[in-house]
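# Observations on the three-dimensional arrangement
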Protein chains: 2
Amino acid sequence: MTRTNNHNDHETENLQQYLQRVIYLLSKHRLVEGFVEMQEISHHKLDNSQVHKQNLSELQSLLDKIHPADIAYILEALPLKDRLMIWDLVKVERDGEILLETSDAVRETLIATMDSGELVAATGQLDADEIADLAPDLPRYVLDDLFQTLPTEEREQLRSAMSYPEDAVGALMDFDMVTIREDVTLEVVLRYLRSLDGLPDHTDQLFVVDRDEKLKGVLPVNRLLVSNPDVEVSAIMSTKMMKLHPDDKAQQATHAFERYNLVSAPAVDMNGKLLGRVTVNAVMDFIREESENEALNLAGLRGEEDLFAPVWKSVKNRWIWLAINLVTAFIASRVIGVFEGSIEKLVALAALMPIIAGIGGNSGNQTITMIVRALALGQLNVSNARKLFAKEISVSAVNGLVCGSAVGLFAFLIYRSIPLSLVMTMAMALNFLLAALLGVLIPLTLHKLGRDPATGSSVMITAVTDSGGFFIFLGLATILLM
Amino acid sequence: MTRTNNHNDHETENLQQYLQRVIYLLSKHRLVEGFVEMQEISHHKLDNSQVHKQNLSELQSLLDKIHPADIAYILEALPLKDRLMIWDLVKVERDGEILLETSDAVRETLIATMDSGELVAATGQLDADEIADLAPDLPRYVLDDLFQTLPTEEREQLRSAMSYPEDAVGALMDFDMVTIREDVTLEVVLRYLRSLDGLPDHTDQLFVVDRDEKLKGVLPVNRLLVSNPDVEVSAIMSTKMMKLHPDDKAQQATHAFERYNLVSAPAVDMNGKLLGRVTVNAVMDFIREESENEALNLAGLRGEEDLFAPVWKSVKNRWIWLAINLVTAFIASRVIGVFEGSIEKLVALAALMPIIAGIGGNSGNQTITMIVRALALGQLNVSNARKLFAKEISVSAVNGLVCGSAVGLFAFLIYRSIPLSLVMTMAMALNFLLAALLGVLIPLTLHKLGRDPATGSSVMITAVTDSGGFFIFLGLATILLM
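If you're wondering where the values come from, they're calculated on a predicted model, not measured in any experiment.

Moving on, we come to the overall build of chain A. A tally of regular secondary structure across chain A gives 23 helices and five strands. Look at the contacts in chain A between residues 6 or more apart in sequence, and 70% of them connect residues 24 or more apart.

On the basis of which strands lie adjacent, the open sheet formed by three strands has the order 1-2-3 (chain B) and mixed pairing. The sheet is open, and its two edges are formed by strand 1 (179-180) and strand 3 (215-220) of chain B, each paired on a single side.

One can describe the packing of helix 18 (residues 311-338) of chain A onto helix 20 (residues 348-376) of chain B by two numbers: an axis separation of 8 Å at closest approach and a directional angle of 160 degrees. It follows from the interaxial angle that helix 18 of chain A and helix 20 of chain B lie roughly antiparallel. Viewed along their axes, helix 18 of chain A and helix 20 of chain B form a crossing whose handedness is right-handed. For the pair helix 18 of chain A and helix 20 of chain B, the contacting residues are Arg318(A), Trp321(A), Leu322(A), Asn325(A), Leu326(A), Ala329(A), Phe330(A), Ala332(A), Ser333(A), Ile336(A) and Gly337(A) in the first and Ala350(B), Ala351(B), Leu352(B), Pro354(B), Ile355(B), Gly358(B), Ile359(B), Asn362(B), Ser363(B) and Gln366(B) in the second.

In terms of burial, helix 16 (residues 250-260) of chain A is largely enclosed, as eight of its 11 residues are buried. Taken together, the buried residues of helix 16 of chain A touch helix 12 (169-172), strand 4 (264-268), strand 5 (274-279) and helix 17 (280-298) of chain A together with helix 4 (68-77) and helix 17 (280-298) of chain B.

Residue and element names in this part refer to chain A. Counting buried positions over the five residues of strand 2 (residues 205-209) gives five, a clear majority of the element. Of the two faces of strand 2, the one holding Gln205, Phe207 and Val209 and the one holding Leu206 and Val208 are both buried throughout. Summarising the sheet, strand 2 and strand 3 (residues 215-220) pair through five bridges and their orientation is antiparallel. Residue pairing for strand 3: Val209 is matched across the bridge by Leu215.

Contacts between chain A and chain B engage 101 residues on the former and 100 residues on the latter. Of the residues belonging to the side of chain A that touches chain B, the class tally is 53 nonpolar, 29 polar and 19 charged.

Moving on: unusual backbone geometry. One non-glycine residue, Asn261(A), lies in the positive phi region at around 55 degrees. By secondary structure assignment, the location of Asn261(A) is in the loop between helix 16 and strand 4. Its identity as a non-glycine residue notwithstanding, Glu213(B) has a phi of 60 degrees, on the positive side. Within the secondary structure layout, Glu213(B) lies in the loop between strand 2 (205-209) and strand 3. Judged by C-beta crowding, with 15 C-beta atoms within 10 Å, Glu213(B) ranks as partly exposed.

A word on the relation of the copies chain A and chain B. With an axial shift of 0.0 Å and an RMSD of 0.1 Å, the rotation relating chain A to chain B amounts to 180 degrees. Those values place the two copies in the arrangement expected of a two-fold rotation axis. Same-surface contact between copies: 98% of interface residues of chain A are shared with the interface of chain B.

Between its first and last C-alpha, helix 20 of chain B extends 43 Å over 29 residues, near the 42 Å set by a 1.5 Å rise per residue. Summarising burial for helix 20 of chain B: 28 of the 29 residues are buried, a large majority.

Turning our attention to the environment of Gly360(B). Residue and element names in this part refer to chain B. With respect to the element layout, Gly360 can be found in helix 20. Through-space distance from the C-alpha of Gly360 to that of Ser396 is 9.7 Å; in sequence the pair is 36 residues apart. The residues contacting Gly360, other than those within four sequence positions of it, are Asn431, Phe432, Leu434, Ala435, Thr465 and Gly469.

Formed by 144 residues in total, the largest nonpolar core has its most connected members in Leu172(A), Val278(A), Val283(A), Leu172(B), Val278(B) and Val283(B). Grouped together as the second largest cluster of nonpolar side chains are 122 residues, Leu438(A), Leu307(B), Ile336(B) and Ile368(B) included.

The next subject is the sheet that holds strand 2 of chain A. Taken in spatial order, the three strands line up as 1-2-3 (chain A) in an open sheet, and their pairing is mixed. Looking at the sheet topology across the chains shown, the edges are occupied by strand 1 (179-180) and strand 3 of chain A.

It is worth spelling out the pairing of strand 4 (residues 264-268) of chain B at this point. Along any regular strand the residues' side chains alternate between the sheet's two faces. Residue and element names in this part refer to chain B. Among the five residues of strand 4, five are classified as buried, and the element is accordingly described as predominantly covered. Neither face of strand 4 is open: one carries Ser264, Pro266 and Val268, the other Ala265 and Ala267, and all of them are buried. As paired strands, strand 4 and strand 5 (residues 274-279) are joined by five bridges and run antiparallel to one another. Paired with Pro266 across the strands is Arg277, a residue of strand 5.

Residues and elements named next belong to chain A. Taken as a whole, chain A shows an average pLDDT of 84; of its residues, 88% reach a score of 70 or greater. Low pLDDT, under 50, characterises residues 1-13; the predicted model gives this stretch 15 contacts beyond four residues in sequence or across chains. Predicted confidence for residues 29-51 stays below pLDDT 50, and this span has 29 contacts to residues more than four positions away or in other chains. With a pTM of 0.82, the predicted complex shows an ipTM of 0.81.

Okay, the environment of Glu156(B) next. Here Glu156(B) shows up in helix 11 (residues 152-162). Residues Glu156(B) and Met426(B), spaced 270 residues apart in sequence, show a C-alpha to C-alpha distance of 66 Å.

Moving on, we get to the environment of Leu444(A). All names here are of chain A. Mapped onto the fold, Leu444 is located in helix 22 (residues 418-448). A tally of 20 C-beta atoms within 10 Å means that Leu444 is categorised as buried. Taking the C-alpha atoms as reference points, Leu444 and Ala385, separated by 59 residues in sequence, lie 9.2 Å from one another.

Scoring rules and cut-offs
- Residues numbered from 1 in each chain as written.
- Chains lettered and ligands numbered in written order.
- Predicted model: local features only at pLDDT ≥ 70, side-chain atom pairs only at ≥ 80, totals over all residues.
- Helix = DSSP H or I, 4+ residues; strand = E, 2+ residues; numbered from the N terminus.
- Contact = placed C-beta atoms within 7 Å.
- Pairing = 2+ DSSP bridges.
- Axes fitted to C-alpha atoms, helices over the stretch in contact; angles between N-to-C directions.
- Parallel < 35°, antiparallel > 145°, perpendicular 65-115°, else oblique.
- Left-handed = near helix turned anticlockwise from the far one by under 90°.
- Buried ≥ 20, exposed ≤ 12 C-beta atoms within 10 Å, placed from the backbone.
- Nonpolar A, V, L, I, M, F, W, Y, C, P; charged D, E, K, R; others polar.
- Least-squares fit on C-alpha atoms with pLDDT ≥ 70 in both.
- Expected span 1.5 Å × (residues − 1).
- Core = buried A, V, L, I, M, F, W, Y, C linked by C-beta atoms within 7 Å.
- pLDDT = per-residue confidence, 0-100.

As C-alpha cells, this is what we get:
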C-alpha cells in the first residue's frame, strides 16, 4: 500500500535535488552509517543522468532503508514543499512510527495533508501508549475510528494513557512488560521466554506478579543469565525496587532514572497492581523536551516552532512575549518621564541611565538562574533559604560596589563631575541590591504559588531592574545634584 | 574502616538536627522509598531523647543504607559545615562512588578535606573510566599513587580514558563489556555467562569479536533469550550496529542514543577494534550537564556554582559577564552621548529611547534562540539558510510594524506629537529588522568559526540592538524633528 501521489509531474523534476539533500543531511551525521550503507548512498550522488521515474523509485527505496527517526529528522530540516514531497514517498505503514519521532510543530504540517483513512491506517500499527502520544494532534473522528478498531485490552490502555497530563509518569508509561510468577524455576522462565517471538525493547528486567497482578518483585535479566536455572524466581528476585505511580510528576521519575541509572521501572497503582512500565528512552525524550521548552520559554517563544513555519504562525508564537515586554517598557518609560525636568537640566543623565538599568538586569538574571536551578533540583528549603539569601545579598553588594566604581569612573572621565560619578556609584550598588533581593524573592514566590519559576522570573526581574534602576538613578540625581 | 572524625564533641550536638534534615530531604523525594525503608526513617524522627553517641551511630547506619546518588544529593543541599559533618560519617569505601555523583563544585569542597591516603583509598575502589571522571579534581600526587597501585590493564584504560577531551565519546566510554566469539552456540554463551559472578550494568548486548578483538557484530541479550540454544552466535548476531569512535563528538553520540533508543553502543578504533562501550547512563548525565551549562552560560555564569560557595568564589564566577556587559553598556552610553544636543531640545527622546532598544533586544533574542536550536539539531545548511533568513526578516517586519504602531500610539498619547510618534514607529521597525538580520548572522558566523553559538550570541545581539536602537531612534529624531 503506497500513498497516492498528490504532486503533479512537473513537480518531480527536482527529485534529484531532494535525493541529494537527503544524502547531504544523512552524511552530515555520519553516525548513521550503521543503519544505511553509506557507499550505496554515495553512489546515488554521482548518478545525474537518470530519468525521473527511476529517481523516484530510487529515492523511495532509499527512504525504505532509513530509520524512522532519521526520516523524521530529514523532514524537519526540509522546507514545507520539499517536506511534503518526501512524506508522500514514505510507505503508509511507516507513517505512524515517523510521526512519533517528529516535533509537534512538524507533525502538525504532516497530519494536515493526510485524510482520515490514511491516519487510521498509519496509527493502527502503533501501540496504545504511542497512539496516546499522537492523540492531541489527531482529529476527533480519527480517534473515534481508532477506538472502534482496537481490541478491548488496548482500548483500555489507550483510554488510561490519554487520561494523564503530559507531565505525569502515566504519560511516559508503556505497556510492553514481560511478567512472570515467583514460584517457578528460572529454567521455566527461560523456556517461557524462548516461546516468545521477541522481547520488548528495553527489557532489562522481568516483573514478578501474583495472580492479582500485584507486583511482588523484579528479576533483572542480567541476574537471570548468571544464575543457576534450578533456583526459583522468588529466591533471586529483588523486592526493593523503584516503583513509580502514574500520578507522580514525570520530573521525579527522571531524577530517579538519572540517580539510580535505571533502564526501566515498573508503574503500579495505589494497591501495588502493576499498570505499566517507564523506560529510559521515554525519560530521555522527556528530559530533552523539557530543556528545549525551557530554552524557548526563556526567549519568550511559546513553544517549538517549525523552522519553516508560515510567517503568521511565527508571529503568533512570538507575540505574547513582545506584548508583555512592551508593557514593562512603557512603565519604565513613564518612570523616566517623571524626571524629564532633571534630564533637561543635566542631559548627561540620559546617556548614563541605561547603564544602571542594563547591568542591574544582568546581575538579577544571574541570581535568578542560580535560584531556579536550586529549586529544580529540590535543594532549596526553609532552613537554607535564609543562608542563600544572605549569600546572594553579599555577592551583589561586592559586585555592585565594584561595578559601581567602574561606572562612576566612566562617568567622571566623560563628564568630569565628582558628584555625578558618586550618584552613579550609589545608584549602581543600590540597583544590584534590588536585583539580588528580587532575584531571590521572585522565583521563590512563583514556586510557592505553584507556578514554574523558570518561565516568568526573567521578565519580572528585568522589569524591576529597569524601572527600579531608572528611578533610583534619576531620583538620587534629582535629590543630590539639582 | 571509618574516617577519623575531625569534629569536636560540641559540634555533634546538632546531630539530631542533621538527622532530621537528612530525613526531610529524603522524604521530599518519596521516590526513594524503594531503596530505604521509609518507616524506618520516620521512626528516627520521633526519637528526640537519645544521647548524641547513639544518634551518631544511628545517622551513620542510616547513611549506610542510602544510595550513593542520594547521599550526593543530600551533601549538595547542605551548607558547607553541615555537609562536611555528614561527609565524615560516610564510610571511606563509599567515598569514591559518592564523589562521582556530586557536582563539580561540591566535589571540590569534599576533596579539599581529604588527605592523600583517604583519596587513594576512596578512588581505588573505582573503575578506570570512573577514576578518569574524577581525575581533574584530584591532586597530581594522588593520581601518581593511583597509577602505581592499578593493574597494568586498568592503568592503560585509565591513561586512555584521561586522554580524551570532555566532549568526546572517549570521555563517556567505559570498559565493562562482555565479549564472545561468533563460532560458538548460544548454549555455550549461556554457560559462559553463568560462570560469571554477574554482568555489568546496562548489558543489553554482548559484543562479538574475533581473535584480534575486532568487532564483528553484537548479540542483543533479548535475542539470546528467545532463540534456540543450538544455533551459533553468527547466525543471529546483528552486523549492522551503531559504532562509535572515541574521537567523535559526544553530542553526536547523544543524538544517536536518542534517535535509535539505544541502551549501549560499542566504541571502536579506526581498524574496528573494540575499545569500550558507551551506556545510556553516561549519555543521560552528559545531556543533563550540557543543558545545565547552557542555562548557566546564558546568564553569564561561568560554570555551576556550589549553592553555598563562599562569596568571593561566586563573585569570580559572575564577573566576566558583568565586565563584558559594562563595556557594551558604556558603548551604548556614548552613542546616546553623541545626541545629547537633540535630547536637550526634546527631552521626550530620553524617556522613549529605552523602549526601542529593549524590545528590539527581545526580538533579536527570539530569532537567536530559533537559529541556535536549528544549528544544534544540525538542521541548518547552505541550501535552507536563505529561506530561513527570508522568514526571519518577514516575521520581524510584521512584528516591527505592529510593535512600532503600538509604541507610536503610546508616544502620541503621552506627548501629542504626530512627527515624534512616526519617528518611534520607524525606529522600532528598523531596529526589528536589524535584530533579525544579526539574529541570524551572529550565530551562523560563530558556528562557521567553530565557536559555540549558544554562549556568545545573546550578549552580542543585545549590544547591537541597544547601541543600534539608540542610534536609529536618536538619529532619525535629529534628522526629522530638529
